[in-house]
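# Breakdown of the fold
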Amino acid sequence: VRLVESGGGLVQAGGSLKLSCAASETIPNTYAMGWFRQAPGKEREFVAGFTGSGVYRDYTDSVWGRFTISRDNAKNLMYLQMNSLKPEDTAVYYCATDPRYGSTGSRYPTNYRYWGQGTQVTVSS
């Protein structure tokens, strides 16, 4: 499975961006899918993902109410709508998937086998 992110860029605090993740093939709902980010000097962290085989959404506390994860299975696309962006959201954002953990989801980067190359999001104050 190949994943390609797009949609990153430079935005002022309070602005919005929508990231896209294009998959090379159909990703079944039985797969775990999620978004992660990594800021300079920090570990890669979970941002948002699907649980319950795609039925439910999970978000890290710092983005709850501001970010929305969604997917379009017909187009092999996953999205991350980011609103009310803050400077602390600045990072490289990655999408990831794994054939395991679709029912439970996973917040652990080490549980994901397939990764995109990342897209930079920079939020200026």
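Residues numbered from 1 in each chain as written. Predicted model: local features only at pLDDT ≥ 70, side-chain atom pairs only at ≥ 80, totals over all residues. Heavy atoms only, no water.

Right, let's get into the overall build of the chain. On a plain count of helices and strands, the chain comes out with zero helices and eleven strands. Along the chain direction, N to C, the helices and strands of the chain fall in the order β-β-β-β-β-β-β-β-β-β-β. Its C-alpha atoms give the chain a radius of gyration of 13 Å, within 12% of the compact-globule value 14 Å for 125 residues. Each of the three principal axes of the chain carries a C-alpha extent, and together these read 40 × 25 × 25 Å. Per-residue burial over the chain gives 42% buried out of 125 residues. Of the roughly 6300 Å² that the chain leaves accessible, carbon and sulfur atoms contribute 48%. (Helix = DSSP H or I, 4+ residues; strand = E, 2+ residues; numbered from the N terminus. Rg over C-alpha atoms; globule rule 2.2 N^0.38 Å. Buried < 20%, exposed > 50% of the residue type's maximum accessible area, 1.4 Å probe, protein only. Areas by Shrake-Rupley, 256 points an atom, 1.4 Å probe, with all protein chains shown as cover.)

Across eight bridges, the pairing between strand S4 (residues 31-38) and strand S9 (residues 91-101) is antiparallel. Considered in S9, the bridge of Arg 37 is made with Tyr 93. In the sheet, S9 pairs with strand S11 (residues 119-124) via three bridges, with the strands oriented antiparallel. The partner of Tyr 93 across the bridge, within S11, is Thr 119. (Pairing = 2+ DSSP bridges.)

Let's shift gears to the sheet that holds strand S8 (residues 77-82). In spatial order, the strands read S1-S3-S8-S7; together these four strands make up an open sheet with antiparallel pairing. With partners counted over all chains shown, the strands left at the sheet margins are strand S1 (3-6) and strand S7 (67-72), one partner each. On average, each strand axis in the sheet is tilted by 15 degrees relative to the strand beside it, whichever way the strands run. Bridge count for strand S3 (residues 17-23) against S8 is six bridges, and the pairing is antiparallel. The residue of S8 that forms the bridge with Lys 18 is Gln 81. (Axes fitted to C-alpha atoms, helices over the stretch in contact; angles between N-to-C directions.)

Scanning all chains against the criterion turns up five salt bridges. One salt bridge in this structure joins Arg 37 and Glu 45, with 2.6 Å as the shortest N-O distance. The shortest N-O distance in the salt bridge between Arg 37 and Asp 89 comes to 2.9 Å. Placement of Arg 37 in strand S4 and of Asp 89 in the loop between S8 and S9 is noted, with a sequence separation of 52 residues between them. The pair Arg 37 / Asp 89 is uniform in exposure class, with both members buried. (Salt bridge = Lys/Arg side-chain N within 4 Å of Asp/Glu carboxyl O.)

Right, let's talk about the side chain of Thr 60 for a bit. Turning to its location among the elements, Thr 60 is positioned in the loop between strand S6 (56-59) and S7. Setting aside chain neighbours within four positions, we find Thr 60 in contact with Phe 46, Val 47 and Arg 107. (Contact = heavy atoms within 4.5 Å.)

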